[in-house]
Each structure stands twice: as structure tokens, then as C-alpha cells.
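# Breakdown of the fold
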Amino acid sequence: MFEGNRVTAHTRSRYPIFQSPMTWIARAPLVTAVSKAGALGLLENSIRDLSVTKREFADVRAATNAPFGVNLPIRYLQMDPKEEDAIIGWLLDQGIHFATTSAGDPTRYTRRLKDAGVVVYHATATLRGAVKAVDAGVDGLIVEGAESAGIRNPEEVHTFALLQAVREAVDVPIVAAGGIVDGRGMAAAFALGAEGVTMGTRFVASVESPVHINYKRAIVDAPITGTIMTDNPPRARSRGLRTPYSVAVAEGTRERALRSSTIEMLYVQGDVENTSGAAGESAGLIHDIKPVQQIVDETIKGFWREIDRLAALRR
Ligand SMILES: Cc1cc2nc3c(=O)[nH]c(=O)nc-3n(C[C@H](O)[C@H](O)[C@H](O)COP(=O)(O)O)c2cc1C
């Protein structure tokens, strides 16, 4: 179905759809469900703990033979070079085939991963970052528009313009991120030069996502204006749900909480009001909590429906 698609050739998955890496969330249950559904689950490694990486990796391997990948968030891993080296070394010993790198300088890992035969895609939110990653030798890019959830680059551009700018500048395959929840968004991304898509917020609001039901419901209930950007010192910004807490942080009347307290308060206990769970503008397009298999199947069906609709314009 996706013959000739460079992304599925690289990932060995049935579909050119990724599940975005997300701290605490993109672990074995979600990654397994996504990969079983024919898309590519990506295991996150942001808490820098080899024992967690080993456990989650083994759990996915035990649950499915479907391909999955790992994400290496450079800035977080390099805070402890010993643990960083141990995690990457261990993953390479497992014979991983596909990795994404994010949040940092792509030259730091690309050579080591590629020398070990790993296919590497780097996630970036800027044209400059895309060109730099290609110069570093990556095989593909994940291009994140400013609609995306989570920690954002203050200089970034929205998906519609960014995808075109990156497509003009580089030849490697592009996976689009930000504002995509279904086949319509996927077809639009392909029209702008992508050969794959990744979804974060859509998979948070899935049955298999491990977060508290209140967080999933808050995504489903969010209007299209339901997210807000707040400063995330020293350099970044963050996109999350618009809540009494995040509005107060944006106005400077409340302190930003630590990531670990968001995990405990929101992901575990379901306190939506006093936290701001990461969410993209895509939250406004999500209307139901669905099983992962259904999300993937409907995305593919919707993608081909849109392709047929557009092709029919010529008749
Ligand atoms: C709950 C949540 C947590 C996230 N955590 C991370 C993370 O730890 N590392 C990272 O590179 N991106 C993270 N992201 C951003 C995603 O990788 C991706 O760029 C984004 O979700 C795409 O936009 P979308 O949510 O509209 O699909 C997170 C996103 C969400 C929704």
C-alpha cells in the first residue's frame, strides 16, 4: 500500500505513522499497541535510567514482533554522560534498527548510531536545525510545527510553512509533526512534502495510553483554542492545556511546576486544574478516546479517502 515510501522502507512498519516519544507515556503498553497496529511505536528514554530502558524494551519485545523504535533525547541524556553511554551502548547491543534523536545537537549521536547500522531520524522545529541534521548524516527528519505539544523552540514556525521550507531545502524523507490526528491531516502533510506523520496528543487520548482518564477527557473536551504557550526557562517555551494553572503561569502570577510533579499530579492523580498536560493544537480536533488500532486504521482509511477525493478533482 505504501510501496516506494521511504519512511516505511526505513522503519519496516506497515504504515508511515509514528507515535511521538513522550516522557512516561511512550512506554511498553502504548508502544506495543501502536506497533501491533502497523504504525511505529517509539520508546522514550528521557528519564535517563538504564533499568527503565531495559525493562520497557524487554516488555515490548516480549509482547510483539512488530518493528518499534527508540527515541534518544540528546539534551536530557547528555546531562549524565556515563548513563548516556550505558543506555546507547545497551540499545546497540540489542540490535536496534531504528532510532530518533531529539532536543539537541544531532552530531552527538548520528555517527555512532549509523556506524552500528541504525537508521536515524532527527526531530527538529526549525529549518536551520533540519539542514544541520542532514549535514550530520541523518537518514530522515521529523519536522515539528509550532502547533505541536510539549517543549517548543521559541523561534519555530507552524507546520504548513515549515514543511514546505524544509522540503525545498533537503532531500531526505520528512515525517510531519504537529496538528495531525487523522487521515485528512496526514494527506495534507503529504501534499506539503512529508512521507510520514507522527502523532502525540492523539495517542495520549487513546485507550492504551497510561495517563489518568481526566487528562484524556481534558484533551477530548479542549476547544481549538484549548492550548496555551508558556515560558519554559531558560530558553524554551511549552505548549500545554489551557487551565487555571497554565494561564496563571503565562501571566507570571504562578511558578512553573517541575516535570516530575506534572507526572504525579496529572498523569497519576488526574489533577487537570493545577497542571498543564502537554497537548498540541490538535487537541481541538480530538473528539473521542479510542483504541490505538482504531486510530491507526481510521487514519489510513481517511488518508486514502482524501487522496481519492483530491485525485477526483482532475476528472
Ligand atoms: C504528553 C506529551 C509529552 C511529550 N513529551 C515529549 C518528550 O518527552 N520528548 C519529545 O521530544 N517530545 C515530546 N512531546 C512532543 C511530541 O514528540 C510531538 O512533537 C508532538 O506531540 C506533535 O504534536 P501533536 O501532539 O499535535 O501530535 C510530547 C507531546 C505530548 C503530547
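Everything that follows concerns the structure shown earlier in this document.
Along each chain, residues carry numbers from 1 onward, in the same order as the chain's sequence is written. Reporting of local features is limited, given that this is a predicted model, to residues whose pLDDT is at least 70; pairs of side-chain atoms are given and counted only at 80 or more, and all residues count toward the totals for whole chains, interfaces and linings.

### Things to note about the site of the ligand
Taken together, the neighbourhood of the ligand is formed by 29 residues, with Ser20, Gly150, Gly200, Thr201 and Gly280 sitting nearest. In DSSP terms, a helix is any run of H or I states spanning at least four residues, a strand is any run of E spanning at least two, and both are numbered starting from the N terminus. Here the shell around the ligand takes three residues from helix α10 (residues 201–204), the largest share from any one element. In the scheme used here, Gly and all other residues not listed as nonpolar or charged are polar, with Ala, Val, Leu, Ile, Met, Phe, Trp, Tyr, Cys and Pro taken as nonpolar and Asp, Glu, Lys and Arg as charged. Of the residues belonging to the shell around the ligand, the class tally is 13 nonpolar, twelve polar and four charged. Annotation comment: domain bounds sourced from an automatic or database domain assignment. Looking at which domains feed residues into the shell around the ligand, each of domain 1 (6–210 + 286–314) and domain 2 (213–282) gives three or more. Residues are counted as near a molecule or strand when the C-beta atom, derived from backbone positions, lies within 6 Å of that molecule or strand.

### A closer look at helix α8 (residues 159–169)
Helical geometry note: an α-helix holds 3.6 residues per turn, so side chains three or four residues apart project in the same direction. Buried residues are those with 20 or more other C-beta atoms within 10 Å of their own C-beta, exposed residues have 12 or fewer, and partly exposed residues lie in between; C-beta atoms are placed from the backbone. Where α8 is concerned, the buried positions are Thr159, Leu162, Leu163 and Val166. Buried positions in α8, seen along its axis, are confined to an arc of 100 degrees and lie on one side of it. Contacts from the buried residues of α8 go to α7 (127–135), β6 (140–144), β8 (174–177) and α9 (183–191). When we speak of the arc, we mean the arc of directions from the helix axis to the C-beta atoms. We call two residues in contact when their backbone-placed C-beta atoms lie within 7 Å.

### A look at the sheet that holds strand β10 (residues 227–232)
Pairing in this open sheet of three strands is antiparallel, and the strands run β7-β11-β10 from one edge to the other. The strands lining the two open edges of the sheet, one partner per strand, are β7 (150–152) and β10. Taken pair by pair, the neighbouring strands of this sheet meet at an average axis angle of 30 degrees, ignoring direction. The pairing of β10 with strand β11 (residues 236–241) spans six bridges and is antiparallel. What sits directly across from Asp231, in β11, is Arg237. Sheet strands touched by helix α12 (residues 244–251): β10 and β11. Its angle to β10, the strand with the most contacts, is close to 45 degrees. If DSSP finds at least two bridges between two strands, the strands pair. Comment: axis = line fitted to C-alpha atoms, over the contacting stretch for helices; angle = value between 0 and 180 degrees taken between N-to-C directions.

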